[in-house]
Amino acid sequence: MEGRDTVMSGSGTRYGQFPGARPRRLRTTPAMRRMVAETRLHPAELILPVFVREGIHEPVPLSSMPGVVQHTRDTLRKAAVEAAEAGVGGLMIFGVPLDEKKDAVGTPGTDPDGILQVAIRDVVGEVGDALVVMSDLCLDEHTDHGHCGVLDAEGRVDNDATLERYAEMARVQADAGVHVVGPSGMMDGQVGVIRDALDAAGHQDVSVLAYTAKYASAFYGPFREAVGSSLVGDRKTYQQDPANLRESMRELALDLAEGADMVMVKPALPYLDVLAKVADSVDVPVAAYQISGEYAMVEGAAERGWIDRDRAIMETLTSIRRAGAQMILTYWATEVARNL
């Protein structure tokens, strides 16, 4: 290189010639790459989303999510034990009630004997504190219209009427023994209302995992099958516009001010920039949800031989962790935990 000294060794070897820096030295062997890896996954950072469906006697496979099922109560307990044994950090439970029990206000979601509350009691009774038991706090699985809240006379989601339902949901889920509630409906003020409801009911130790940045994404498609959604239309009036980033930071500030213990970005892969900015801005744990469409794309492409399934799984999870997520909700949680 011009202007650079060159030193000759006794054997005539020239030192200082380009390239003097060789980063490839740190990539030479699997042991070397493992030793210098900047990002590592740990089983305790993984959270397994699970679906439990009322009125079935065998697990129901999901056509759009190969390998994922709607559980019976018995198979959910078994899945919880397997996750705990693999070292998974937690379970996020979604309840799927009978269609005939759904109504305009999502009554199964606040019935102490609704499928979600029963499942919480089942899992807590089976694994105790070996897992962090989390529950979805939203009305979409429980309403006959499929929206995340109560509708007004014009058919729009009524934010404040929905908050009243969320407060009641928080109380019954906490009464069932849940450790963490995950309000996912993107109603304004939901974290504060839920925190107040939990505290007033004596559940100060139940944490709130805020779905802080939840985007109106095309990647939720398979999830609709998983929860038997009745939705007609979309959720663009309350979930975030994929074009916006500053809006997420405003939502973040509001959730933290209202008492969120943890915050989440959902989906994960299309929003790694949002995840990184959120993670750089807070001193609370940050989660990301690798959602159904992300899972389905990898499984679908791997099934056709287009990609290496195992490498793709680890690469996607590592990218989410590298972007700043301390916890990752993923349908591969138990499988990956066993392999780590």
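Just above, that's the structure.
The rules behind these values
Residues numbered from 1 in each chain as written. Predicted model: local features only at pLDDT ≥ 70, side-chain atom pairs only at ≥ 80, totals over all residues. Heavy atoms only, no water. Salt bridge = Lys/Arg side-chain N within 4 Å of Asp/Glu carboxyl O. Helix = DSSP H or I, 4+ residues; strand = E, 2+ residues; numbered from the N terminus. Buried < 20%, exposed > 50% of the residue type's maximum accessible area, 1.4 Å probe, protein only. Patch = residues over 30% accessible without salt bridge, like charges linked within 9 Å, V, L, I, M, F, W, Y side chains within 5 Å. Areas by Shrake-Rupley, 256 points an atom, 1.4 Å probe, with all protein chains shown as cover. Polar contact = N/O pair within 3.5 Å; in protein donor to acceptor, adjacent residues only side chain to side chain. Contact = heavy atoms within 4.5 Å.

Trainee: What's the story with the pattern of salt bridges in this structure? I'm lost.
Mentor: Two side chains of opposite charge can pair, provided their charged atoms sit close to one another. Tallied over the full model, the rule gives 14 salt bridges. The partner of Arg-165 in a salt bridge is Glu-168, with the nearest N and O atoms 3.1 Å apart. With Arg-165 and Glu-168 both in helix α4 (residues 159–175) and three residues apart, this pair spans about one turn of that helix. Among the ionic pairs, Arg-309 bridges to Glu-335, the shortest N-O distance being 2.8 Å. Taken as a pair, Arg-309 in helix α10 (residues 309–322) and Glu-335 in helix α11 (residues 333–339) lie far apart in primary sequence, 26 residues in all. Using a relative accessible area of 24% as the deciding quantity, one classes Arg-309 as partly exposed. Take Glu-335: its relative accessible area is 29%, and that puts it in the partly exposed class.

Trainee: Honestly, a nonpolar patch on the surface in this entry has me stumped. Any pointers?
Mentor: A cluster of nonpolar side chains, namely Leu-26, Met-35 and Val-36, defines an oily patch on the protein surface of about 280 Å² accessible area. Residue classification places Val-36 among the partly exposed positions, given a relative accessible area of 33%.

Trainee: Honestly, the side chain of Ser-184 in this entry has me stumped. Any pointers?
Mentor: One can find Ser-184 in the loop between β8 (180–183) and α5 (190–200). In this structure the side chain of Ser-184 is engaged in a polar contact, spanning 2.8 Å, whose partner is the side chain of Asp-136. The contacts of Ser-184, once residues within four sequence positions are left out, are Asp-136, Leu-137, Cys-138, Tyr-211 and Lys-214.

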